[in-house]
Amino acid sequence: MKELVFASTAFAGRTVLISGGTSGIGYAAAEIFLACGASVVLMGRDQVRGETALTRLAGGARAVYCAGDVRLTADCRAVVEEAVHAFGGLDILVNAAGIYAEGALEELSDTTLEELLDVNLKGTMQMTRAALPYLRAARGNIVNVASDAGLHGNYYCAAYAATKGAVVAFTRSLALETARDGLRVNAVAPADILTPLTERQLRPDLPREEQLRTMAELYPTGRIGTPEEAASVIAFLASSGAAWVTGSVYTVDGGLTA
């Protein structure tokens, strides 16, 4: 993690549950929250990856990994309960679990289409539904990870873009629904971030660095983003500094959608 941009006590006494927290943006967010005093619960499907992430975090008693699949309602409920049992409550939910698939719509398999919907959209909604009673009690907040593709059209990823566009609409609608409860709901919409998800989009038959340079040329800033840069915006939205921010979608895209 790079230089800390929040006070080391900014999230002291708070409990954060991060789906998709074992890699990429979710893991980078876990680093920030932990460094700023929070207790952190990482949720992910892969036990080995989860335990590896936990070891890297070195958070001691303030960090735990809970195995779970956001596609499964029972898993979402179980992980939320585990988080509450471990730390006595839940203050912040970060819905970072997501998958990417591209290709012409008519060429996508039923399995791929269903998985995009189940993970990116239904998973976000199911985690939120499971956590809402505790978040309401804490007057806490939710940060969803959407995408620039959910704000504008992208070639050959109509299904993916649709799921992330739905996350944007869900964020704004739920923010209105929960505002009187003192619960805030926001989202970040990253463009290309150098994460394992982005790495998997690269062609194995072409030089990696050449592909990354081509990708970077699309951006006004001349580069793609880092997980820490997206995670810093997540942390801001979850912080007291954003106390009057709800229903917002913050782009983290190097000026791409400006």
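All residue numbers refer to positions counted from 1 along the written sequence of the respective chain. Local features in a predicted model are, by the rule used here, given only for residues with pLDDT of at least 70; side-chain atom pairs are given and counted only at 80 or more, and totals for whole chains, interfaces and linings are based on all residues. Working from all heavy atoms in the structure, the side-chain values ignore hydrogens and water.

- The name recorded for the chain in an unreviewed UniProt entry is Oxidoreductase, short chain dehydrogenase/reductase family protein, from Selenomonas artemidis F0399.
- Looking at the Sequence similarities (unreviewed entry) heading of the UniProt record, one finds this comment for the chain: "Belongs to the short-chain dehydrogenases/reductases (SDR) family." UniProt positions are given in the numbering used here, feature names are shortened, and annotations may be inferred rather than shown by experiment.

### Quick notes on the overall build of the chain
Here is step 1 of the chain: Helix and strand definitions follow DSSP, with helices as H or I runs of at least four residues and strands as E runs of at least two, each counted in order from the N terminus. When its secondary structure is counted, the chain shows eight helices and seven strands.
Here is step 2 of the chain: Here the globule rule reads 2.2 Å times residues to the power 0.38, and the radius of gyration is calculated from C-alpha atoms. In terms of overall dimensions, the chain is globule-like: its C-alpha atoms have a radius of gyration of 17 Å, near the 18 Å expected for 258 residues.
Here is step 3 of the chain: By its C-alpha atoms, the chain is 50 × 35 × 35 Å across when sized along the principal axes.
Here is step 4 of the chain: Only protein chains enter the accessibility calculation, which uses a 1.4 Å probe; a residue whose area is less than 20% of its type maximum is buried, one above 50% is exposed, and one in between is partly exposed. Across the 258 residues of the chain, 50% fall into the buried class.
Here is step 5 of the chain: Of the contacts made within the chain by residues no fewer than 6 positions apart, 72% connect residues no fewer than 24 positions apart.
Here is step 6 of the chain: As used throughout, the charge tally considers Lys and Arg to be positive and Asp and Glu to be negative, leaving His and the chain termini uncounted. Note on charges: their place is set at NZ of Lys, CZ of Arg, CG of Asp or CD of Glu. Averaging the coordinates of the 21 positive side-chain charges in the chain and doing the same for the 28 negative ones gives two points 7 Å apart. Residue contacts follow a heavy-atom distance rule, with two residues in contact if any of their heavy atoms lie within 4.5 Å.

### Quick notes on the nonpolar core
Here is step 1 of the chain: Throughout, nonpolar core names a set of buried Ala, Val, Leu, Ile, Met, Phe, Trp, Tyr and Cys residues whose side chains join them through atoms within 4.5 Å. If you look at the biggest cluster of nonpolar residues, it comprises 37 residues, and the most contacted ones within it are Phe11, Ile18, Phe33, Val40, Val94, Val188 and Ile234.
Here is step 2 of the chain: Listed by contribution, the elements that provide at least two residues to this core are strand E1 (15-19), helix H1 (24-35), strand E2 (39-44), helix H2 (47-57), strand E3 (63-67), strand E4 (92-95), strand E5 (141-145) and helix H8 (227-238).
Here is step 3 of the chain: Among the elements that make up this core, the one with the highest residue count is H1 (eight residues).
Here is step 4 of the chain: For Val94, the residues in contact, after removing those within four places along its chain, are Val16, Leu17, Ile18, Ser19, Phe33, Val143 and Ile234.
Here is step 5 of the chain: Core analysis: the next-biggest nonpolar cluster, separate from the first, contains 34 residues, Cys66, Ala97, Ala130 and Ala161 among them.

### Comments concerning the sheet that holds E1
Here is step 1 of the chain: An order of E3-E2-E1-E4-E5-E6-E7 is seen for the seven strands of this open sheet, with the pairing classed as parallel. Of all the strands in the sheet, just E3 and strand E7 (249-252) have a single pairing partner and so form its edges. On average, adjacent strands in this sheet sit at an angle of 20° to one another, irrespective of strand direction.
Here is step 2 of the chain: Two strands pair if DSSP finds at least two bridges between them. Pairing of E2 with E3, which is carried by five bridges, proceeds in the parallel orientation. Residue pairing for E3: Met43 is matched across the bridge by Cys66.
Here is step 3 of the chain: Simply put, an axis is a line fit to the C-alpha atoms, just over the touching stretch for a helix, and the angle between two N-to-C directions goes from 0 to 180 degrees. Lying over the sheet, helix H4 (residues 110-138) contacts E1, E2, E4 and E5, oriented at roughly 175° with respect to E4.

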